[in-house]
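Structural overview for review
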Amino acid sequence: MSEAPTETSSAAGGSVSVFAQYDRDIDEEVDVVVVGSGPAGAVVSKELAELGKSVLLIEEGPPFVPEEFEIDGGLSMARTMREGGLRATSGTTMPTMQAIALGGGSLVNSAICNRTPDFVLERWCADYELSRTTLPDLEPHYDAVGKFLGISPTPENVQGARNLLFRDGCEALGYTSEPISRNVRGCRGSGECFTGCRTRAKQSMDISYVPAAIRAGARVLTSVRIEEIVADRRRVSAVVGRVVAPFTGKPSYQVRIRAKIVVLAAGCMATPVLLQKSGNLANRSGQVGENLQFHPGVAIMGIFPDPVNPQFGATQGYQSRQFLEDGFKLETLWAPPAITAVRLPGSGQALKDRLADIPYSAIWDAIASCNRSLGRVKAKRGTLNPTLSWHLHPKDIPILSQSLWVLAEIFFAAGARTIIPGIHGVPPEMHTLGEAEVLRTRSLKATDFVLGGNHAFCTTRMHGDPRRGVVNEMGRCHDLENLFIADTGIFPQCPSVNPMWTAMALAHREAHHIAEHL
Amino acid sequence: MILGLLGVGALGYAVIRVAFGYPESRYQSLTRADAALVASAAEAMYPAGGAIPSSGTDADLPAYLDRFLVASVARIRILVHLLLFLVEHATLFFPAPGWNGRSRFSALSADQRVAVLDGWSESSLFVRRLVFTTLRALLTLGYFAHPPVLRALKLAPFAIDSPVVEADLLYPRIGEHPDSIRLTRADLTPPGEVTPLRLDGPIRADFSGSNE
Ligand SMILES: Cc1cc2nc3c(=O)[nH]c(=O)nc-3n(C[C@H](O)[C@H](O)[C@H](O)COP(=O)(O)OP(=O)(O)OC[C@H]3O[C@@H](n4cnc5c(N)ncnc54)[C@H](O)[C@@H]3O)c2cc1C
Ligand code: SF4
């Protein structure tokens, strides 16, 4: 492979290769190969490179520069998301997005950073036979990541009205709320996190951890898709795959990377598929691809009497953790106007009239901890895209109904004149809290909700007992001594808060553990 | 004999219904039938007038959907074609009001099309609602990609000059060789005070309407 003598290489020997540079098959040997450059893989790569290991980070997607960001929500999804952003579960139908880009989900996410609460980690330890995953165990790793990324609360001057109205509503009701901490430096409040941060404020992995890994000597191959992990009975020896063209995925040159350690960080959907396609690897427990959990999300749009000008403000600037122990977390939300508009009911002139209300609107959402609602990721023939099934458990439905009710309360307390809950089986618009009562009194079915599930976990879960989990709490596969997994698939249960910071903290710990044993 | 004649008749009707009477298509991915369906659904979903003057027709939604499909992977293209086919011909099973209610969706009057769409959106069958939501999502994405719509709502994107960061020295534009990167360390934007965007600040040139 030719490597251009440009500034894509660092003094320490690190480099990044892009699709246009590949002109032959690749066959190399390194200490550690990391598959996937999302939050987990990027952290592992940088830490190990800084600890002096030879690291190769492989990413199927391309790097995006600001000129490549599509402001149009549809085209943006077609370019940055797997299956064009139209991936969904069967069973209970729910869209779920996974990015395909250098930086993985961090390129398109809202940069929300939360530490998993104490009570959740204690439950993880108790129920999954873990002994070193309490909050005090993870604090140093959270801190290290937080410091590197500049994680801090969203300042008031970029909140914008749609975030501050949420605060006002919570205050009026006596609910706690706080500015969201984010991995952002110098946010200008464009509300464009979903389509890529043009101000370069968001510290997505492609502009933070990956350049740092390169500086420390890591090499990065983008537009390379790993298709198989080569292993004998106890050890993995290599990963193999192909160079693939951006967007079309058209395969060309063969890639084979031999490594002492393989770290899979391809994401909660892709990692189990890779293992299944590699001869059902690391699966003596039978848990690979099982236990799929989400934080199913619901949202309400509220219309206010005065303009809210929702185009200004941090994409997600305020949250309430008041109801975490009841099973849900509340946050403000913004997305490209087209995606916001998709949830408005009706068609024809009635729909257009509702669109005209968008400048007066805010959208607030709830993400729910639905630990009883489980699913499965299964490989299918001829593709690495998974078959996803997932069922919203009837006992988890009241959590969603309750969260919608609390959102309605906050909207009316903040002065909304109308709310649009966007669910089937209740009136499309409600004008008083009394009308909104149906949200908690009506018995709703799974198919009544318009759900979204962008936080996904548990498909290669950690468990102290090798018969019941795929990896131990350091991310090492129980079955193979040099195969590690770092993505959110290793969470034993949903974390009840946005997962990225926890994924990075666990990856940070995992990298240091690997370095000690290499 | 009678059954045979009926069978041939049904086949003939199916062929005529599916393949004939559509205008030529000028698109890369949309078929003639797809384009007719999208144009007629767009007109019903987003009629002219009201607070946002532009209609679905002004927004040229077939051209948008064609661009979307060209940018999409094969599986999505197939699913979208199937969806459009389904909506066009499902009037056989879920007809519009009126004597010709079982005609192709694209051959119905505007009022009939709105009635059909409302039927899908309010159906007690989850699958029908899902089909409607997906169709509306595709049309809405296209409608909002039409700059006058965002301008009318005062939601056009801000003009932003992206600062130069270390990553810009590492990655070329997608498909290009790193030799195309002209920036050097001297071009890096020095750290400084960052000011929030202003609601009355400039909007992105391609949304400003100056070249329309
Ligand atoms: C729209 C959206 C908004 C979100 N907002 C937030 C938020 O604000 N805060 C938060 O905490 N979480 C958020 N999340 C979730 C968060 O982004 C993910 O949980 C996180 O990115 C998971 O990190 P990961 O490293 O496990 O996997 P990913 O980020 O999915 O990274 C996996 C990477 O592996 C690559 N890959 C996959 N297969 C292969 C292969 N075979 N070969 C090579 N490379 C491969 C992928 O292309 C991808 O880049 C959001 C998610 C979405 C989609
Ligand atoms: S709100 Fe805008 S400026 Fe702030 S981090 Fe998100 S995309 Fe960047």
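Residues numbered from 1 in each chain as written. Chains lettered and ligands numbered in written order. Predicted model: local features only at pLDDT ≥ 70, side-chain atom pairs only at ≥ 80, totals over all residues. Heavy atoms only, no water.

As for the confidence of the model for chain B
When pLDDT is averaged along chain B, the result is 88; 89% of the residues meet or exceed 70. Here the complex is predicted with pTM 0.93, and the ipTM for its interfaces comes to 0.92. (pLDDT = per-residue confidence, 0-100.)

Side note on the pattern of salt bridges
Pairing is possible between side chains of opposite charge, provided their charged atoms come close. Residues and elements named next belong to chain A. Applying the stated criterion to the full structure yields 37 salt bridges over all chains. Among the ionic pairs, Glu50 bridges to Lys46, the shortest N-O distance being 3.2 Å. Separated by four residues within a single helix, Glu50 and Lys46 lie in helix H1 (residues 39-50), roughly one turn from each other. Judged by its relative accessible area of 45%, Glu50 falls in the partly exposed class. Judged by its relative accessible area of 7%, Lys46 falls in the buried class. The partner of Glu429 in a salt bridge is Arg354, with the nearest N and O atoms 3.0 Å apart. With Glu429 in the loop between strand S20 (418-420) and helix H11 (433-436) and Arg354 in helix H9 (residues 349-355), the pair connects residues that are 75 residues apart, well separated along the chain. Since its relative accessible area comes to 26%, Glu429 is described here as partly exposed. Through salt bridges with shared partners, a single network forms among Glu60, Arg82, Arg225 and Glu227. (Salt bridge = Lys/Arg side-chain N within 4 Å of Asp/Glu carboxyl O. Helix = DSSP H or I, 4+ residues; strand = E, 2+ residues; numbered from the N terminus. Buried < 20%, exposed > 50% of the residue type's maximum accessible area, 1.4 Å probe, protein only.)

Focus on the sheet that holds strand S18 (residues 375-380) of chain A
All names here are of chain A. Spatial ordering of the open sheet is given by S5-S4-S19-S18, a layout of four strands whose pairing is mixed. The strands lining the two open edges of the sheet, one partner per strand, are strand S5 (94-95) and S18. Both strand S4 (residues 88-91) and strand S19 (residues 383-390) contribute to a ladder of two bridges, which runs parallel. Bridged to Ser90 within S19 is Ser389. The strands touched by helix H7 (residues 270-277) are S18 and S19; relative to S18, the strand with the most contacts, the crossing angle is about 50 degrees. (Pairing = 2+ DSSP bridges. Contact = heavy atoms within 4.5 Å. Axes fitted to C-alpha atoms, helices over the stretch in contact; angles between N-to-C directions.)

Quick notes on the site of ligand 1
Residue and element names in this part refer to chain A. Neighbouring ligand 1 are 36 residues; Glu59, Arg82, Gly105, Ile226 and Met500 lie closest to it. Contacts to ligand 1 include Ala101, whose backbone N or O atom sits 3.2 Å from an oxygen atom. Interatomic distance of 2.9 Å between a backbone N/O atom of Ile226 and a nitrogen atom of ligand 1. In the complex, the protein chains occlude 94% of the 990 Å² of accessible area that ligand 1 would expose alone. Split into classes, the residues belonging to the shell around ligand 1 amount to 19 nonpolar, 12 polar and five charged. (Near = heavy atom within 4 Å. Polar contact = N/O pair within 3.5 Å; in protein donor to acceptor, adjacent residues only side chain to side chain. Areas by Shrake-Rupley, 256 points an atom, 1.4 Å probe, with all protein chains shown as cover. Nonpolar A, V, L, I, M, F, W, Y, C, P; charged D, E, K, R; others polar.)

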